[in-house]
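# Coordinate analysis (summary)
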Amino acid sequence: MGVYIVTGGSGGIGGKTVEILKSQGHEVINVDLRNADICADLSSEEGQNSVIEAIHERFPEGIDGLCCNAGVSGTCGNLKLIVRLNYFGAVNLALGLFDLLKKKKGSCVVTSSNTISQGAARPDLVDMLNYSQANKINEQHVLEIVEKLDDKNLSVGNSIYVTTKYALARWVRRVSATWAANGVRINAVAPGNVSTPMTASMGDNAKAALAALPIPINYGTNELMCPEDIANVIVFLASPMAHGVNGNVMFVDGGTDALLNSEKVY
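Residues numbered from 1 in each chain as written. Predicted model: local features only at pLDDT ≥ 70, side-chain atom pairs only at ≥ 80, totals over all residues. Heavy atoms only, no water.

Let's shift gears to unusual backbone geometry. A positive phi angle, near 55 degrees, is found at N35, a position not held by glycine. With respect to the helices, strands and loops of the structure, N35 is situated in the loop between β2 (27-32) and β3 (38-39). (Helix = DSSP H or I, 4+ residues; strand = E, 2+ residues; numbered from the N terminus.)

This is the structure in structure tokens:
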């Protein structure tokens, strides 16, 4: 059995991922803000470094999988938090644990979003985020730009959310060949609208926006996707069974993206 690290594993998609991995007999470490095996604020550099250090200390011989799932929605009211947690919380942790994944030829799965294909991302900020690892000044510039935006505007919050998820998916694509050449696969899942504590806490306007996007497999109902629908795919991508899958952004949205973008095949 393997060793798997899951961020945001105290509920929702992450919680189901932890549950499924444990049911398969794996050792699973949940990293979250609270109620976790390792409690840390992954939106801060200090929190990220503390987790990286703790995992290295506990598993010096390597880990089999890393599932970067922690994140907040565009309705959280804190645009800088969206950037720091959704993008840097995933990328910095993955980079910091890459050497442990390499030791066991493990795999990494990050959680993006099916909204990345719907045109709301800001290309300028996506570019700055994707180059921030080589230039910390870009990271600060992004946060300074975001700080000046209206965090009470739902469309602004959604745009920054999509921006972080788009940048995350593009980062996965860009590093996938190099990582695979070093024995580590990396993929992204792009969930649709999922019934989680995050979506349950949204305001009426945000919930109405969710309801406006059809989910073909749930046609005729008002049901969102179930967390286990996404978690099952995360577990598969993180497993040796998905050995041939690398650099993939897998839409797990019940067919929403296929319906909205039926002419796109790549």
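So, about the packing of aromatic side chains. Under the criterion given, the structure shown has 3 aromatic pairs. On the basis of an interplanar angle of 85 degrees and a centroid distance of 5.1 Å, the ring pair of Y87 and F88 is categorised as edge-to-face. When sorted by exposure, Y87 lands in the same class as F88, which is buried. Judged by centre distance (5.7 Å) and plane angle (85 degrees), the ring pair of W171 and W179 falls under edge-to-face. No difference in accessibility class separates W171 from W179, as the two residues are buried. By the ring-pair criterion, three or more aromatic residues cluster together here, those being F98, W171 and W179. (Phe/Tyr/Trp six-rings, centres within 6.5 Å; stacked < 30°, edge-to-face > 60°. Buried < 20%, exposed > 50% of the residue type's maximum accessible area, 1.4 Å probe, protein only.)

In terms of nonpolar packing, the biggest core is built from 52 residues, with I5, I55, I63, L66, C108, W171 and W179 touching the most fellow members. Per-element tally for this core: the top contributor is helix α3 (residues 79-103), with 14 residues. The contacts of I63, once residues within four sequence positions are left out, are V3, I5, I55, L97, L100, L101, K104 and G106. (Core = buried A, V, L, I, M, F, W, Y, C linked by side-chain atoms within 4.5 Å. Contact = heavy atoms within 4.5 Å.)

A few words now on the side chain of T17. Within the fold, T17 resides in helix α1 (residues 12-23). What T17 contacts, discounting residues up to four positions off in sequence, is V6, C67, A231, I234 and V235.

Our next topic: the packing of α1 against helix α9 (residues 227-238). It is at 8 Å that the axes of α1 and α9 come closest, and there the two elements cross at 55 degrees. Here α9 runs oblique to α1, going by the angle between their axes. As for the relative orientation of α1 and α9, their crossing is right-handed in sense. Judged by residue contacts, G12, I13, K16, T17, I20 and L21 of α1 engage P227, E228, I230, A231, N232, I234 and V235 from α9. For the contact of α1 with α9, the class distribution of residues is 8 nonpolar, 3 polar and 2 charged. (Axes fitted to C-alpha atoms, helices over the stretch in contact; angles between N-to-C directions. Parallel < 35°, antiparallel > 145°, perpendicular 65-115°, else oblique. Left-handed = near helix turned anticlockwise from the far one by under 90°. Nonpolar A, V, L, I, M, F, W, Y, C, P; charged D, E, K, R; others polar.)

Where a strand is regular, its side chains alternate between the two sheet faces. In terms of residue burial, β2 counts as a mostly covered element, since 5 of its 6 residues are buried. Both strand β1 (residues 3-7) and β2 contribute to a ladder of 5 bridges, which runs parallel. Within the sheet, the bridge partner assigned to V3 lies in β2 and is E27. As for the winding sense of the linkage, the β-α-β connection from β1 through α1 to β2 is right-handed. (Pairing = 2+ DSSP bridges. Right-handed = clockwise from strand over helix to strand, strands pointing away.)

With respect to the helices and strands, the residue N130 is situated in helix α4 (residues 123-130). You can call N130 buried: its relative accessible area is 9%. As for N130 and R174, which are separated by 44 residues in sequence, their C-alpha atoms are 9.3 Å apart. In this structure, N130 is in contact with Y87, A167, R170, W171 and R174, ignoring residues within four places of it in sequence. A polar atom in the side chain of N130 sits 2.9 Å from the backbone oxygen of A167. At a separation of 2.6 Å, a polar atom in the side chain of N130 contacts the side chain of R170. (Polar contact = N/O pair within 3.5 Å; in protein donor to acceptor, adjacent residues only side chain to side chain.)

Bringing helix α2 (residues 45-58) into the picture now. In this model α2 runs 20 Å from its N-terminal to its C-terminal C-alpha over 14 residues, within 8% of the 20 Å that 1.5 Å per residue would give. In this structure, the buried side of α2 is in contact with β1, β2, β3 and α3. (Expected span 1.5 Å × (residues − 1).)

This paragraph deals with the sheet that holds β3. Ordered by their spatial adjacency, 7 strands build an open sheet running β3-β2-β1-β4-β5-β6-β7, and the pairing between neighbours is parallel. Pairing within the sheet leaves two strands with one partner each, and these edge strands are β3 and β7 (249-252). Contacting β1, β2 and β3, α2 crosses the sheet at an angle of about 165 degrees to β2. Packing of α9 onto the sheet brings it into contact with β1, β4 (65-68), β5 (107-111), β6 (185-191) and β7, and relative to β6 it is tilted by some 170 degrees.

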